[in-house]
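Tertiary structure, described
Spelled out from the first residue to the last, the chains are:
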Amino acid sequence: MNTLLVASEVKKTFIMHMRGGVELPVVANVSFSLKASSCAVLGGPSGVGKSSILKMLYGNYGTDSGQILVQHHGRHVDVASASPRMVLEIRRDTIGYVSQFLRAVPRVSALDVAAEPLLIRGVAQETAHERARELFAELNLPERLWSLPPATFSGGEQQRVNIARGFITDHPILLLDEPTASLDAANRAVVIDLIARKKAEGAALLGIFHDQDVRTAVADHVIDVSAFAAGKSAA
Amino acid sequence: MSHSDTLEALAAAGIPAPVKPLLSVEGLTRVYGKRIGCADVSFDLWPGEVLAIVGESGSGKTTLLNCISSRLTPTCGTVHYRMRDGASADIYKMAEAERRYLMRTDWGFVHQNSIDGLRMTVSAGANVGERLMAVGNRHYGNIRNTAIEWLSRVEIDEDRVDDQPRTFSGGMRQRLQIARNLVTEPRLVFMDEPTGGLDVSVQARLLDLLRGLVSDLGLAVIVVTHDLAVARLLSDRMIVMKEGRVIEAGLTDRVLDDPRAPYTQLLVSSILQV
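Computed from a predicted structure; not experimentally measured.

The rules behind each value
- Numbers given for residues are sequential positions, taken from 1 along each chain in its written order.
- Both sets of labels track the order of writing: A upward for chains, 1 upward for ligands.
- Whole-chain, interface and lining totals are the exception, using all residues; otherwise, since this is a predicted model, local features are given only for residues with pLDDT of at least 70 and side-chain atom pairs are given and counted only at 80 or more.
- Hydrogens and waters are ignored; side-chain quantities use all the structure's heavy atoms.
- Only heavy atoms matter for contacts: two residues are in contact if any of them lie within 4.5 Å across the pair.
- The salt bridge criterion pairs a side-chain nitrogen of Lys or Arg with a carboxyl oxygen of Asp or Glu, the two atoms within 4 Å.
- Two N or O atoms form a polar contact when they lie within 3.5 Å of each other; inside protein one atom must be a possible hydrogen donor and the other a possible acceptor, and for residues adjacent in sequence the pair counts only when both atoms belong to side chains.
- Helix and strand definitions here come from DSSP, where helices need a minimum of 4 consecutive H or I residues and strands a minimum of 2 consecutive E residues; each element is numbered from the N-terminal end.
- Polar here means any residue outside two lists: the nonpolar Ala, Val, Leu, Ile, Met, Phe, Trp, Tyr, Cys and Pro, and the charged Asp, Glu, Lys and Arg; Gly therefore counts as polar.
- Three exposure classes are used, based on accessible area relative to the maximum for each residue type with a 1.4 Å probe and protein chains only: buried under 20%, partly exposed in between, and exposed over 50%.
- Each residue gets a pLDDT score, which is the predictor's confidence in that residue and runs from 0 to 100.
- Two strands make a pair as long as DSSP finds a minimum of two bridges between them.
- Axis definition: a line fitted to C-alpha atoms, over the contacting stretch in the case of helices. Angles run 0 to 180 degrees between N-to-C directions.
- By the definition adopted for this analysis, an angle is roughly parallel if under 35 degrees, roughly antiparallel if over 145, roughly perpendicular if from 65 to 115, and oblique otherwise.
- It is the rotation of the near helix from the far one that decides the hand of a crossing: anticlockwise by less than a right angle makes it left-handed, clockwise makes it right-handed.
- By this rule the span expected of a helix is its residue count minus one, scaled by 1.5 Å.
- For this count, His and the chain ends are skipped, Lys and Arg are scored as positive, and Asp and Glu as negative.
- Call a crossover right-handed when, viewed with both strands pointing away from you, the route from the first strand across the helix to the second goes clockwise.

1. Some points on the interface of chain B and chain A
It is common to give the size of an interface as the accessible area lost on bringing the parts into contact. With 31 residues of chain B in contact, the opposing surface of chain A contributes 34 residues. For the pair chain B and chain A, the number of links is five salt bridges. For Arg-107 of chain A, the salt bridge identified is with Asp-208 of chain B, shortest N-O distance 3.1 Å. Across the chain B-chain A interface, the total number found is ten residue pairs in polar contact (both at pLDDT 80 or more). When contributions to the side of chain B that touches chain A are tallied by element, the ones reaching two or more residues are helix 1 (3-13), helix 8 (200-217), helix 9 (228-234), strand 10 (245-251), helix 10 (252-257) and helix 11 (262-269) of chain B. Of the residues forming the side of chain B that touches chain A, the biggest block, five residues, is contributed by helix 1 of chain B. For the side of chain B that touches chain A, the residue count by class is twelve nonpolar, six polar and 13 charged.

Following this line, the structure appears as structure tokens:
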């Protein structure tokens, strides 16, 4: 099977200069790979560094050392050392991300928020909006909300806008940070179905799911993040 | 088509030729006597990219912006700009007339104080039309129509076209400045605290408008701001300055979510949450 991402010996430490330079080790020796048509799940107790790993893969957090090789436009690029421009290109075309919380921009409608990843890839606005509407309908987001900015939406409504935004493209790699945390059972089932379809299309997914049912339904294998606990492997 | 097929197709089609930077800043330094304005600043800016320069008052960000935009001569260092014909030109080695033409056509400058960027005693339409005349437009009707079209793009009603900007609110004046700059379809726009001094609701409207115009027109922008929220909303990359030097640079969300330098951590941790 085609390997789309390989993380090897990735290490991350926060240095808190506001607290006298105290070092906060997060993870070390993070090594795993993601294959096409599969969904891996990051497991382990909260605070163990699961979200930090997703953020490093997305280029949102820096790394101390190690490599994150991604198959991007047919070649291998290391996200950990890539230029900001390359990271943006990888996000546009290769790695999608559904964050836990939506960062709402004033005055921008839910429809535009969800359609944006297609628009920046040059898809026509009408096509992008149509695709966003389909996803909103599938996710049972009330139609009266579609043209409103999501700032005042409930947590579950914002999360569905975020999911639509993440699933709207055909990125080969998709990272999911607790996409079902504030959804009811019916909408969790929709997300499980969306994930299954992405897999069938050949995407490699990596997610964090606290909900046991969702995890059981989507996970092909579990990556135990406690094994990467910093300190454990400290030389 | 499956994802792996897409990847293979892209690889087979070959990787597109790399785009060259629009602007290359190299070792830019400006000193005022013994005091440093900005020191040894280097970066590249690509077409369509938005770069934010952040830092507190006195950090040298406006000095840097003025040195890059040829409004203030640097003590040393170079600024190369890729002209429309693809050739790279050192802006401080150009003839004065050529540089002025560049500033009037291919570059824009949005000032914090609209009084620095607008002519307060001529009409809004003339403010926009003036830059068109500078590039050789002479037909009054065309100029007026283009001006009206641009006023509507920045959400100023057509019936205000003959009013002087001194009768406009702060937010409207900033929008008029933007229209005046963008009418010649520049490729690079400099902005110095474009939302400074505006009410938050007015700020949000202006930022939303700027975001839309920047992406529709594929503008490259260098925006100076002390407001990290503005940097997050508008920019792809950012540079953090302190005492005239760059102390951290990178992808905007990386710098804001995982700040490394002590000063950047202080700035980020000083943001009030609402």
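From this point, the narrative continues.
2. Some points on unusual backbone geometry
Residue and element names in this part refer to chain A. Here Ser-37, not a glycine, exhibits a phi torsion of approximately 60°, which is positive. Structurally, Ser-37 is set in the loop between strand 2 (22-35) and strand 3 (38-43). For Ser-37, a relative accessible area of 36% translates into the label partly exposed. One non-glycine residue with positive phi stands out, namely Glu-178, at about 45°. Inspection of the secondary structure puts Glu-178 in the loop between strand 7 (173-177) and helix 6 (185-200).

3. What to know about the confidence of the model for chain B
Here chain B shows a mean pLDDT of 90. Residues at 70 or above account for 93%. Across the interfaces of the predicted complex, the ipTM metric reaches 0.93, alongside a pTM of 0.91.

4. Considering the confidence of the model for chain A
Low pLDDT means the predicted atomic positions in that stretch should not be read closely. Per-residue pLDDT for chain A averages 94, and the proportion of residues at 70 or more is 97%. Averaged over each element, pLDDT in chain A is lowest for helix 7 (residues 212-218) of chain A (93) and highest for strand 4 (residues 65-72) of chain A (98).

5. Some words on the sheet that holds strand 4 of chain A
Residue and element names in this part refer to chain A. A sheet is described by the order of its strands in space; here four strands give the open sequence 2-1-4-5, paired in antiparallel fashion. Every other strand in the sheet has two partners, leaving strand 2 and strand 5 (75-78) as the edge strands with one partner each. With strand direction ignored, the average angle separating the axes of adjacent strands in the sheet is 25°. Here strand 1 (residues 3-16) runs beside strand 4; their pairing, made up of five bridges, is antiparallel. By the bridge assignment, Lys-11 is partnered in strand 4 with Ser-65. The sheet strands contacting helix 2 (residues 84-93) are strand 4 and strand 5, and the helix crosses strand 4 at an angle near 45°.

6. Here's the deal with the packing of helix 5 (residues 124-134) of chain B against helix 7 (residues 170-182) of chain B
All names here are of chain B. Viewed as axis vectors pointing N to C, helix 5 and helix 7 meet at an angle of 30°, and their least axial separation amounts to 7 Å. Between helix 5 and helix 7, the angle is such that the two are roughly parallel. In the crossing of helix 5 with helix 7, the sense of the turn from one axis to the other is right-handed. Contact with helix 5, carried on its side by Ala-124, Asn-127, Val-128, Glu-130 and Arg-131, involves Leu-176, Ala-179, Arg-180 and Asn-181 of helix 7 and no other residues of that element. Here the residues of the contact of helix 5 with helix 7 sort into four nonpolar, two polar and three charged.

7. Section: the environment of Asn-2 of chain A
All names here are of chain A. Here Asn-2 lies in the segment before strand 1. Separated by 115 residues in the primary sequence, Asn-2 and Pro-117 have C-alpha atoms spaced 25 Å apart. Separated by 3.3 Å, the side chains of Asn-2 and Gln-71 make a polar contact.

8. Let's talk about helix 6 of chain A
Residue and element names in this part refer to chain A. With 16 residues, helix 6 extends 23 Å from end C-alpha to end C-alpha; this agrees with the ideal 22 Å at 1.5 Å per step. Of the residues making up helix 6, those classed as buried are Asn-187, Arg-188, Val-190, Val-191, Leu-194, Ile-195, Lys-198 and Lys-199. In the stretch just after helix 6, Gly-202 is the one whose phi turns positive, near 105°.

9. Thoughts on the sheet that holds strand 5 (residues 88-90) of chain B
Across a sheet, strands are paired by hydrogen bonds formed along the backbone, either parallel or antiparallel in direction. Residues and elements named next belong to chain B. Read from one edge to the other, the open sheet built from four strands follows the order 2-1-4-5, with strand pairing classed as antiparallel. A single partner strand is all that each edge strand has here, and the edge strands are strand 2 (35-45) and strand 5. Ignoring strand direction, the axes of neighbouring strands in this sheet form an average angle of 20°. Pairing analysis gives three bridges linking strand 4 (residues 76-82) to strand 5, with the strands arranged antiparallel. What sits directly across from His-80, in strand 5, is Asp-90. Where helix 2 (residues 61-68) meets the sheet, it contacts strand 1 (23-32), strand 2 and strand 4, and its direction lies at approximately 125° from that of strand 1.

10. Quick word on the side chain of Lys-198 of chain A
All names here are of chain A. Locating Lys-198 in the fold gives a position in helix 6. Buried Lys-198, no salt bridge; nearest opposite-charge side chain is Glu-201, N-O distance 4.1 Å. Among all residues touching Lys-198, those that are not within four sequence positions of it are Phe-167, Thr-169, Asp-170, Leu-174, Ala-203 and Leu-205.

11. Regarding helix 8 of chain B
Residue and element names in this part refer to chain B. Over its 18 residues, helix 8 runs 25 Å from end to end, which matches the ideal 26 Å to within 8%, given 1.5 Å per residue. For helix 8, every residue scored as buried is listed here: Gln-203, Ala-204, Leu-206, Leu-207, Asp-208, Leu-209, Leu-210, Leu-213 and Val-214. For helix 8, the elements touching its buried residues are strand 3 (50-54), helix 6 (140-153), helix 7, strand 7 (188-192), strand 8 (220-225) and helix 9. Once helix 8 finishes, Gly-218 follows within two positions and takes phi at roughly 65°, a positive value.

12. A short note on the pairing of strand 8 (residues 204-208) of chain A
Residues and elements named next belong to chain A. Counting buried residues in strand 8 gives five out of five residues, a clear majority hidden from the surface. The alternating pattern of strand 8 places Ala-204, Leu-206 and Ile-208 and Leu-205 and Gly-207 on opposite faces, both of which are buried. In this structure, strand 3 lies alongside strand 8, joined through four bridges in parallel fashion. What sits directly across from Ser-38, in strand 8, is Ala-204. Judged from the five bridges that link them, strand 7 and strand 8 form a sheet pairing that is parallel. Bridge pairing in strand 8 places Asp-177 opposite Ile-208. Each parallel crossover has a hand, and for strand 7 linked through helix 6 to strand 8 it is right-handed.

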